[in-house]
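# Results of the structural survey
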Amino acid sequence: MRLGINTFLFTSPFTNKSTSLFKQFKRWGFDTVEIPVEDLAHIDPAHVKVELEKHRLVCGSVCACMGPDRDLRGTTKQQQTGLNYMLKLIDQMVILDCPSLIGPVYSAVGRADAVPPAEYKLQWKTVVKHLKTLCRYAEKKGKQVCLEPLNRFETDFINTCDQALKMIKDVGSPALKLHLDTFHMNIEEKDQAAAIRKAGNLLGHFHACGSDRGTPGSDHIDWKAIAKALKQIRYEGDVVIESFTTDVKVIARAAAIWRRIEPTRDEIAVKGIKFLRRSLDLNSGAEWIPALYAPVPTF
């Protein structure tokens, strides 16, 4: 397993200039960087790749940012916009040498409507059709798509591991995997460890955050059970800290972060990676210095 950090904790949008974050990420001991690409024009993937290599990091995952105009179950225009956006993300991933497109790849975040069962069924078929197209392209490019269930306040479409596994079965592509997140599971799953075991070898990506979306470990989640379950299924993918703070205003509003969850965002990264290395029984990062760290640049 590799430990990663999602850049939303420190900046939005991520641009070429945001690569100045990499030096501190490496010093803290992270192996991978998860980059949310809000607009395809925000980055030159070749430049980002050079900066990653300079700091001996890799882009382990690209996060699909599914705004209102990107929705595989929306209007015809929203469906096409969302599909085209993700197909082009895969092209950027090829240049970045990034293996995984992750996130709620099926719908716009924040769309939570109480639709009749017949309408839900139609939406499901529409999403299956588009994901088949996306995954065929991912297969061709040697990439995987990791579908993330979100909690009920962020989507009404796929909330649980069971629902996600049904979508994966219906799409029927070896490129489509499951992406689980401890924050969302804390709301939607009765037993997070059981959900991980059910996912088994279909688990392609994992987000580790506290029950309040803060630092993993300083919360009520049963991390021992999660670590045991990941070991039982022999998970070898990335474990990424995805947290948000009021420092990044746009993302704070989108993620409903109305108060300061932790004293500083740096502490989420530093304490989070220390906890995860210990809990997951991973070797300590050679350059990680827990007591001596400088704040990352702000944008």
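Keep in mind the model is a prediction, meaning the values are calculated, not measured. (Residues numbered from 1 in each chain as written. Predicted model: local features only at pLDDT ≥ 70, side-chain atom pairs only at ≥ 80, totals over all residues. Heavy atoms only, no water.)

Turning our eyes to something else, we now look at the packing of aromatic side chains. Inspection of the entire model under this criterion finds 9 aromatic pairs. Consider the rings of F10 and F25, whose centres lie 5.6 Å apart with planes at 45°: the pair is tilted. Here F10 is found in the loop between β1 (2-6) and α1 (22-28), whereas its partner F25 is found in helix α1, with 15 residues between them in sequence. Relative to W28, the ring of F25 has its centre 6.4 Å away and its plane inclined at 35°; by these criteria the two rings are tilted. One end of the pair is F25 and the other is W28, both in helix α1 and 3 residues apart, which spans about a single turn. Per residue, the accessibility class of F25 equals that of W28, and both read buried. Put simply, the rings of Y106, Y120, W124 and F157 touch in pairs and so form one group of aromatic residues. Positioned over the ring face of Y85 is R70, at 3.6 Å from the centre of the ring. (Phe/Tyr/Trp six-rings, centres within 6.5 Å; stacked < 30°, edge-to-face > 60°. Helix = DSSP H or I, 4+ residues; strand = E, 2+ residues; numbered from the N terminus. Buried < 20%, exposed > 50% of the residue type's maximum accessible area, 1.4 Å probe, protein only. Lys NZ or Arg CZ within 6 Å of the ring centre and 35° of its normal.)

Attention now goes to helix α3 (residues 76-96). Between its first and last C-alpha, α3 extends 30 Å over 21 residues, near the 30 Å set by a 1.5 Å rise per residue. All of the buried residues along α3 are Q79, G82, L83, Y85, M86, L87, L89, I90, Q92, M93 and L96. Lining the buried residues of α3 we find β2 (32-37), α2 (45-54), β3 (58-64), β4 (100-103), α4 (117-141) and β5 (144-147). A positive backbone phi angle near 60° is found at D97, which sits one or two residues after α3. (Expected span 1.5 Å × (residues − 1). Contact = heavy atoms within 4.5 Å.)

Our next topic: the state of the cysteines. Here the structure, examined in full by the defined rule, presents 0 disulfides. Looking at the unpaired C63, the closest cysteine sulfur is the one in C65, lying at 5.0 Å. The exposure class assigned to C63 is buried, which follows from its relative accessible area of 8%. Of the cysteine sulfurs around C146, a residue in no disulfide, the closest is that of C98, at 9.5 Å. (Disulfide = S-S within 2.5 Å.)

With that out of the way, let us pick up the sheet that holds strand β7 (residues 203-207). Spatially, β1-β2-β3-β4-β5-β6-β7-β8 is the arrangement adopted by the 8 strands of the closed barrel, whose pairing is parallel. Recorded for the sheet is a direction-independent mean angle of 30° between the axes of neighbouring strands. Of the pairings in the sheet, the one linking β4 to β5 comprises 4 bridges and is parallel in character. Opposite G103, over in β5, you have L147 as the bridge partner. Along the sheet, helix α7 (residues 192-199) contacts β6 (176-181) and β7; its crossing angle with β6, the most-contacted strand, is approximately 170°. Where helix α10 (residues 265-279) meets the sheet, it contacts β1 and β8 (238-241), and its direction lies at approximately 150° from that of β8. (Pairing = 2+ DSSP bridges. Axes fitted to C-alpha atoms, helices over the stretch in contact; angles between N-to-C directions.)

What follows covers the pattern of salt bridges. Going through the model one piece at a time under the given rule, you end up with 12 salt bridges. In this structure, D71 and R111 form a salt bridge, with 3.0 Å as the shortest nitrogen-oxygen distance. Of this pair, D71 sits in the loop between β3 and α3 while R111 is found in the loop between β4 and α4, placing the two residues 40 residues apart along the sequence. Two residues, R111 and D113, come together in a salt bridge whose shortest N-O distance is 3.3 Å. You can call D113 partly exposed: its relative accessible area is 37%. Three or more residues joined by partner-sharing salt bridges are found here, namely D71, R111 and D113. (Salt bridge = Lys/Arg side-chain N within 4 Å of Asp/Glu carboxyl O.)

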